[in-house]
Structure formats: C-alpha cells, structure tokens
Amino acid sequence: FSRYFGGCPTVSIPGRAHPVTEYRLEHVLEATGYEIREGSEFAKKKKGGDKKPNNPMEKEMPQLTKSALKKLYPKFKSKVIDSLAVVDESIIN
C-alpha cells in the first residue's frame, strides 16, 4: 500500500475489527415504516420543461416499474416497493 503511494508513511492501530452490517434504503424504509409518496420532497418530480440535472455529470437513471421492483425485492412489503418506485435517489443518498 505504502509503495503504491510513493512510500507514504503508514499508521498501525492495534485493536480488532468490528462487524459491520450494511443497510440500504429498502431496509430503512421497511424498518421505519416511512413512505415516500408522489409529490413529496424526496419523490421524483414530474417531467416538464427543460429541467436538467443539477450535476452535469449525472445522467438520469431509468425508472423501474413496480412489477420490476417486486421481482428485485420479493421479501419487501408493498409500501416499500411503492416508495422505491417514486424516490429520487439523487436527493436521498
């Protein structure tokens, strides 16, 4: 590692690694019961005009249908699927 970065100094901190559990948006929606509804501040806005993404490097992601989301997330409740269908992931990150 150090050689890759031109011999930069390294630090060794004794101890042990702790297990990390990864949670994604669908897990948080399921656990909290929070719903993202159309028209909310976290929902995708309806297309209109020449609105461009805030970040010019950002491309608009295709919207998945609810049936496609149900196939991807078969264990999640319908409220989670409904929220995932409308969420604007550029806002919730």
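Scroll up to find the structure this text is about.
So, here's what we can say about the structure. (Residues numbered from 1 in each chain as written. Predicted model: local features only at pLDDT ≥ 70, side-chain atom pairs only at ≥ 80, totals over all residues. Heavy atoms only, no water.)

Before going further, it helps to spend a moment on helix 3 (residues 78–86). Of the positions making up helix 3, those classed as buried are Val80, Ile81, Ser83, Leu84, Ala85 and Val86. Looking at the buried residues of helix 3, the elements they touch are helix 1 (25–32) and helix 2 (66–72). (Buried < 20%, exposed > 50% of the residue type's maximum accessible area, 1.4 Å probe, protein only. Helix = DSSP H or I, 4+ residues; strand = E, 2+ residues; numbered from the N terminus. Contact = heavy atoms within 4.5 Å.)

Contact geometry of helix 1 with helix 3 gives a least axis separation of 9 Å together with a crossing angle of 135 degrees. Taken together, the axis directions place helix 1 and helix 3 in an arrangement best described as oblique. Crossing hand, helix 1 versus helix 3: right-handed. Every residue of helix 3 that contacts helix 1 at Leu25, Glu26, Leu29 and Glu30 is listed here: Val80, Ser83 and Leu84. A class-by-class count of the residues in the contact of helix 1 with helix 3 yields 4 nonpolar, 1 polar and 2 charged. (Axes fitted to C-alpha atoms, helices over the stretch in contact; angles between N-to-C directions. Parallel < 35°, antiparallel > 145°, perpendicular 65-115°, else oblique. Left-handed = near helix turned anticlockwise from the far one by under 90°. Nonpolar A, V, L, I, M, F, W, Y, C, P; charged D, E, K, R; others polar.)

The subject of this paragraph is the packing of aromatic side chains. Enumeration over the complete set of coordinates arrives at 2 aromatic pairs. A ring pair is formed by Tyr4 and Phe5, whose centres lie 5.0 Å apart and whose planes are at 85 degrees; its orientation type is edge-to-face. For Phe5, a relative accessible area of 48% gives the class partly exposed. Ring plane angle 75 degrees and centroid distance 5.9 Å describe the contact between Tyr73 and Phe76, whose orientation is recorded as edge-to-face. (Phe/Tyr/Trp six-rings, centres within 6.5 Å; stacked < 30°, edge-to-face > 60°.)

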